[in-house]
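Residue-level structure breakdown
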Amino acid sequence: MKDIIIVGGGTAGLTAAIYARRAGKSVLVIEADNCGGQIINTPEIENYPGIKNISGLEFANGLKDQAESLGAVIESAKVTGLDIKDGKVKTLHTTSGDRECMAVILATGAKNRHLGLENEEEFTGCGVSYCATCDGAFFKDGVVAVNGGGNTAIEDAFFLSNYCSKVYLIHRRDAFRADAKEVAKLKAKENVEFILNSTITALCGNGDLEYVELENTLDHRKSKLEIEGLFIAIGQTPDNKAFADFVTLDEKGYIAAGEDCKTATKGIFAAGDCRTKSVRQLTTAAADGAVAALAAIAYCG
Ligand SMILES: Cc1cc2nc3c(=O)[nH]c(=O)nc-3n(C[C@H](O)[C@H](O)[C@H](O)COP(=O)(O)OP(=O)(O)OC[C@H]3O[C@@H](n4cnc5c(N)ncnc54)[C@H](O)[C@@H]3O)c2cc1C
């Protein structure tokens, strides 16, 4: 029986662990995938106050080391559900069995959105990727495409243009959500070509991805684009359905919680990208981790 269980070992979850341990609470962090969360996928962070420049992996490892050195226990498992018995005790169902605690901090972040094409899963790892930083090196000197129009897509295309002979940027509109300065920087790269007003309608190949079919959104003309790799960067979506009996989810699936990180149920808090908010960044995730931990500490008494 722990005082506090934190679901998710990203920036929010690990920051919460640091605060809770420093207050003397017993803490278990349960992480389904890679400890560190989303940020491990970025080669460079330049906007975290006090750190001029650091890789995502180094940043995440630093947080993990700090939490563990303070005595937080990190377990590898996925939390699949939650129950509350006797008023205060919370039982978390995980892929490694049940775990009990007084307070829960949900810090589940968000996951990459998929295109929803029929054979997308089949080609994942065989040409289709959601992480340029993780998989870009596999396509050294190759021809790849990035799909998306936000900052991540632009950042990914830029990163890949340093490895690959050719990078196509496929976007369904001709305007970008990404920063204009970053788009201009990408346009200046000689091996980058923009394919605008176009959507991907099919992924094709025999085993590995060989080409994608595109449809022009203006004249509906179809075309074929031969590529070895496709990096899908069309945004993110949260996954909080397992907790829906105890927290309110908004229309997109984010946990309804204000700046105090309190949810619809006493003793259950939400921190970081998984909660309703307008800015999803490391600073806001870390801030939430601190706020949620202090609230959970007060709840435990
Ligand atoms: C490519 C990229 C670059 C970025 N660059 C920057 C940047 O330069 N600066 C910046 O400020 N922000 C950046 N961000 C945003 C930043 O990474 C996020 O805002 C931040 O990581 C959110 O932290 P989090 O802890 O809320 O969620 P996450 O980092 O998403 O962590 C959530 C964790 O919870 C785990 N989890 C989820 N569900 C369960 C479950 N049921 N059971 C157990 N574990 C679970 C996940 O596996 C994950 O590890 C970037 C994001 C991306 C994708």
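Here the structure is a predicted model, which means the values were calculated and not measured. (Residues numbered from 1 in each chain as written. Predicted model: local features only at pLDDT ≥ 70, side-chain atom pairs only at ≥ 80, totals over all residues. Heavy atoms only, no water.)

This brings us to the domain arrangement of the protein. As assigned here, the protein comprises domain 1 (2-111 + 236-300) and domain 2 (114-232). The distance between the C-alpha centroids of domain 1 and domain 2 comes to 32 Å. (Domains from an automatic or database assignment.)

As a further point, take the nonpolar core. Counting 37 residues, the largest nonpolar core has I4, I6, I105 and F269 as the members making the most contacts within it. Counting residues per element, the ones that place at least two in this core are strand 1 (2-7), helix 1 (11-22), strand 2 (27-31), helix 2 (56-69), strand 6 (97-106) and helix 7 (282-300). Top contributing element to this core by residue count: helix 7, with nine residues. Sequence-distant contacts of F269, defined by excluding residues within four places in its chain, comprise A103, V104, I105, L106, C261, K262, T263, A292, A295, A296 and Y299. Judged by nonpolar contacts, the second largest core, of 20 residues, contains F139, F159, V167 and A233. (Core = buried A, V, L, I, M, F, W, Y, C linked by side-chain atoms within 4.5 Å. Buried < 20%, exposed > 50% of the residue type's maximum accessible area, 1.4 Å probe, protein only. Helix = DSSP H or I, 4+ residues; strand = E, 2+ residues; numbered from the N terminus. Contact = heavy atoms within 4.5 Å.)

All right, on to the sheet that holds strand 12 (residues 198-204) then. If you walk across this open sheet you meet the three strands as 12-13-14, and the pairing is antiparallel. The sheet is open, and its two edges are formed by strand 12 and strand 14 (222-226), each paired on a single side. Geometrically, the sheet is characterised by an average inter-axis angle of 30° between neighbouring strands, direction not taken into account. Of the pairings in the sheet, the one linking strand 13 (residues 211-216) to strand 14 comprises five bridges and is antiparallel in character. Each residue of the ladder has a partner; that of E213, found in strand 14, is K224. (Pairing = 2+ DSSP bridges. Axes fitted to C-alpha atoms, helices over the stretch in contact; angles between N-to-C directions.)

A few words on the site of the ligand. Neighbouring the ligand are 31 residues, the closest being E31, Q38, N47, D273 and L282. In the environment of the ligand, an oxygen atom lies 2.9 Å from a nitrogen or oxygen atom belonging to the backbone of A12. Interatomic distance of 2.8 Å between a backbone N/O atom of D273 and an oxygen atom of the ligand. A per-class count over the shell around the ligand returns 11 nonpolar, 14 polar and six charged. (Near = heavy atom within 4 Å. Polar contact = N/O pair within 3.5 Å; in protein donor to acceptor, adjacent residues only side chain to side chain. Nonpolar A, V, L, I, M, F, W, Y, C, P; charged D, E, K, R; others polar.)

Quick look at the pattern of salt bridges now. Summed over the entire model, instances satisfying the criterion amount to 12 salt bridges. K185 is the partner of E182 in a salt bridge, and the nearest nitrogen-oxygen pair spans 3.6 Å. Within this pair, E182 and its partner K185 are both found in helix 6 (residues 180-187), separated by three residues, close to a single helical turn. D288 is the salt-bridge partner of K277, the closest N and O atoms lying 3.0 Å from each other. With K277 in the loop between strand 17 (268-270) and helix 7 and D288 in helix 7, the pair connects residues that are 11 residues apart, well separated along the chain. This pair shows no difference in class: K277 is buried, exactly as D288 is. Taken together, the shared-partner salt bridges in this structure form one network comprising E259, R275, K277 and D288. (Salt bridge = Lys/Arg side-chain N within 4 Å of Asp/Glu carboxyl O.)

Within the open sheet, the five strands sit side by side as 8-15-9-10-11. Their pairing is parallel. Looking at which strands have only one partner, the edges of the open sheet turn out to be strand 8 (128-129) and strand 11 (192-195). Across four bridges, strand 9 (residues 143-147) lies against strand 15 (residues 229-232) in parallel orientation. Bridged to V146 within strand 15 is F231.

Locating V104 in the fold gives a position in strand 6. Residues V104 and V89 lie 15 residues apart in sequence; the distance between their C-alpha atoms is 9.8 Å. When neighbours within four sequence positions are excluded, V104 is seen to be in contact with I5, V7, L82, K90, L92, G267, I268 and F269.

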